Each structure stands twice: as C-alpha cells, then as structure tokens.
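# Coordinate analysis (summary)
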Amino acid sequence: MRRVRMGMVGGGQGAFIGNAHRMAAALDGQTSLICGAFSRDHDNCKVTGAQLGLEAERCYSDYETMFAQEASRRAAEGDAMQCVSIVTPNHLHVPIAKAAARNGFHIICDKPAAISLSEAKELSAILHEHNVYYALTHTYLGYPMVWQARHLADSGQLGAIKKVLVEYPQGWLAGALEDSGNKQAAWRTDPKLSGPAGAMADIGTHAQNLVEFTTGSPMTEVSARLRTHRENRVLDDDGDVAFTLANGATGMLVASQVCTGEENSLSIRVYGERASLEWRQMEPNTLFERSNDDVSKIHRAGIDRPLCDAALAHCRLPSGHPEGYLEAFANIYRHFALAIREPEQNTALYVPGIGAGLRGMAFIEAVIASNAHGGVWQTVEEQNANLMMEQQV
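Now for a description of the structure that goes with this document. (Residues numbered from 1 in each chain as written. Predicted model: local features only at pLDDT ≥ 70, side-chain atom pairs only at ≥ 80, totals over all residues. Heavy atoms only, no water.)

## Here we look at the side chain of Glu178
In this structure, Glu178 sits in the loop between strand 6 (161–169) and helix 7 (183–188). On the basis of relative accessibility, which here comes to 17%, the residue Glu178 falls in the buried class. Polar contacts involving the side chain of Glu178 include one to the side chain of Arg233, which spans 2.9 Å. Those residues in contact with Glu178 that sit more than four places away from it in its chain are Leu173, Ala185, Ala186, Thr189 and Arg233. (Helix = DSSP H or I, 4+ residues; strand = E, 2+ residues; numbered from the N terminus. Buried < 20%, exposed > 50% of the residue type's maximum accessible area, 1.4 Å probe, protein only. Polar contact = N/O pair within 3.5 Å; in protein donor to acceptor, adjacent residues only side chain to side chain. Contact = heavy atoms within 4.5 Å.)

Here is the structure:
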C-alpha cells in the first residue's frame, strides 16, 4: 500500500518541534510529507520546502490555500494530501484543525488541543460531523513502558490505587529567555499565542495526561497554586496541583520550567494496595514494580520481553537497544498512519485523540480557577473519559 500523504502547517526554519514531527513521521516509512504551509513568511516556507525536497508549487503561502488546492488535487489527480500535521503556536490549533476537518483531511496536532475548553468542544463537534481522525501528540504515551504501567494498573496487579505523584521539572525558563530573541520562549510566555496558562499548559498537561492514562481514572477535583518567577512574565512558569481521582486516589502534580539544571524530568509513581510503579521519561525503557513483601520487578522494553500486547506494539528492537523520544513520537505517527490506511485493524486504540484534548483543557481551566481563588478545591468538568482516538469504522 502507498504511504499516507501528509501536509504540515508550521514548522518552518527555526522551529524545533516541526523537525521532530517530520523525523517521527518518516521513521517507519508509513508517511510521506508532500506539501506544507510552513511559515507566515513565504520565503521561509519556500526555503523549508526546498530543503525537504518538496515541489515548489506545493509550498503554500497559507493553510487556507493549501487546503483548497489539495482538495482540488484530490478530485483531479488523486495524489492529494490525506492528513495534516499542525505544529503552530497554541492559538492556531483549533482554527487550522476546523478548516482541515471541513475539507475532509485527517489531523495530527501538537498539544494542547485548544486554548479554552469551549474551543475544544467546538472542535470535537466538527470532527464528529466530518468523520475525520484527530490525533493529539501526547508524545509520552508512545513509550512502551507507559503502556506496560497502564496494563499493570488496569489488570489489578497493583490493587486499589491510593496515591499518585507526578512531576515535570524543566529549567529552560529560569532566566528571561523570552527577552533574548528566543522565539520558543517568546510565544510560550505570551497569553495571546499560548493561551491562559504557561508551564501548566505546556508541560503540566503532559503530567495530567500521564496520570489519567496510567491509572485509567480521571481527575475530579484540583487545588492549585501557580507562580511566575520573573518580574515581567505574565503566565505561570511554576505550579503545584493537589488532585483527587475518580477512583478515590489522591495525588500531587508539580510542573515547573524554572528548576535550574533540569532537562525533561517527567516521572510518575503510582501506589496501590499491593504494589507500586515508577517510570521516568529520561530513562524510559525501565519500569519499576515494587511491593512491601520485598518482591520487586524491573520491566524492560524490548520485542523479546514478556510484556503486554500494547507495550510490544510500541517496541521496535530487542532489549538492550535503547529507544527514546523520537521512537515514542514515531509510534504515534505510525499508528495514526495505520489507522488511516487500515481502519479495520483498530490501531487507533494506540493514538491519543480529542478526548485527551478535552480532558487537558478541563484540567487547565480548573487549575486556573482554583489558583485565582487561593487554591480552593475546584471540580474538573467531566469530559469524555476515552483518551484514545475514536474509530471511524
């Protein structure tokens, strides 16, 4: 079968995440990048396209033109774009996704899905109306050991879950990087482009998503404290959130971008009545399982390991051959492409979808409301509990 034909909006020269998306999409040979509207600066777009070996006529000045032209090609030539990857600042995610859906294109989008819960709900309705796939790149759900952790929790091997601790410290915004010309820092600290939350939207939603995915239980209430540690910085760069899960477990989430010296230290610990789990993103191929009776296990990633089927579906190599961030990212692209090509294979079950986006926005809005009222407990509005992409068959 032919590769899935993909376009991209955003990700021009100087944008880190666009190149990460392109490498992830290309890794398994399931997807081909054939067109793009990579930048509002059309010269940047043309140079980016040339570097990627694309036809000049398929490097578009804007996404509206790209969608219209590619829809025309679909009818006339049959080699049109089938899906679009959205790698822009947050405020453009929903407008672009809506336009893509209305033109019949499947969508894979950087997170968060939107800048408000109401906006995410509008998008969800349009996706269902036009019957297109929507994937949200919660990259950490691409790691095999995260799926093994979910399996152990879901199968009851931990017993009833009592406590969850999750943290995501970074240090890159410890200084005033946004004042030095750094484009990533500039838009991520600008509420007009990033939305109403800073670190809590950027990385806190990754931690929230990991908790809900691993435990299989949504957050029902939060008590939050957000801080901004630079005098002229508007959005939060640091926050602590106490939470309660629907299953009765309690927990604490820490997300900070001012922890000097930290890189991407996402980690989670899940404590059940019989056993506990620990997983760390910077050593992702290992999952620790511990208990009070001195029986402990170390689960290791690899196609030759006795893992659950879902974990094995995210492995490529035998144990001892490290797989990391790009491979996890590529797992989402691989299963997204397979869902488009072979929907009967149910591969969409491995891809985060709009449900994860709705849950993330409900979490952010509850955190902001709680912080605004001095950390009072705030209910997280109930959303679709299914975090995975919905089947179209």
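Once you've had a look at it, read on.
## Observations concerning the packing of aromatic side chains
Applying the stated criterion across every chain yields a total of 10 aromatic pairs. Their ring planes at 55° and their centres at 6.4 Å tell us that Tyr140 and Tyr325 sit as a pair that is tilted. Taken together, the residues Tyr140 in the loop between strand 5 (134–136) and helix 6 (144–154) and Tyr325 in helix 11 (residues 325–341) connect sequence positions 185 residues apart. Each member of the aromatic cluster is reached from another via a ring pair, and the members are Tyr140, Tyr143, Tyr168, Trp279, Tyr325, Phe329 and Tyr333. Directly above the ring of Phe105 sits Arg74, whose terminal nitrogen or CZ lies 4.7 Å from the centroid. When the ring centre of Phe213 is taken as origin, the NZ or CZ atom of Arg150, which lies over that ring, is 4.4 Å away. (Phe/Tyr/Trp six-rings, centres within 6.5 Å; stacked < 30°, edge-to-face > 60°. Lys NZ or Arg CZ within 6 Å of the ring centre and 35° of its normal.)

## Some thoughts on the sheet that holds strand 10 (residues 267–272)
Strand order in the open sheet formed by nine strands is 13-12-11-10-6-9-8-7-14, with mixed pairing between adjacent strands. On the outer flanks of this sheet lie strand 13 (297–300) and strand 14 (378–379), each paired with one strand and no other. Pairing between strand 8 (residues 238–245) and strand 9 (residues 250–256): seven bridges, direction antiparallel. Directly across from Thr244, in strand 9, lies its bridge partner Thr250. Contacts between helix 9 (residues 199–215) and the sheet are confined to strand 6, strand 7 (219–227), strand 8, strand 9, strand 10 and strand 11 (276–280), with strand 9 contributing the most and set at about 150° to the helix. (Pairing = 2+ DSSP bridges. Axes fitted to C-alpha atoms, helices over the stretch in contact; angles between N-to-C directions.)

The analysis is restricted to geometry; functional conclusions fall outside its scope.
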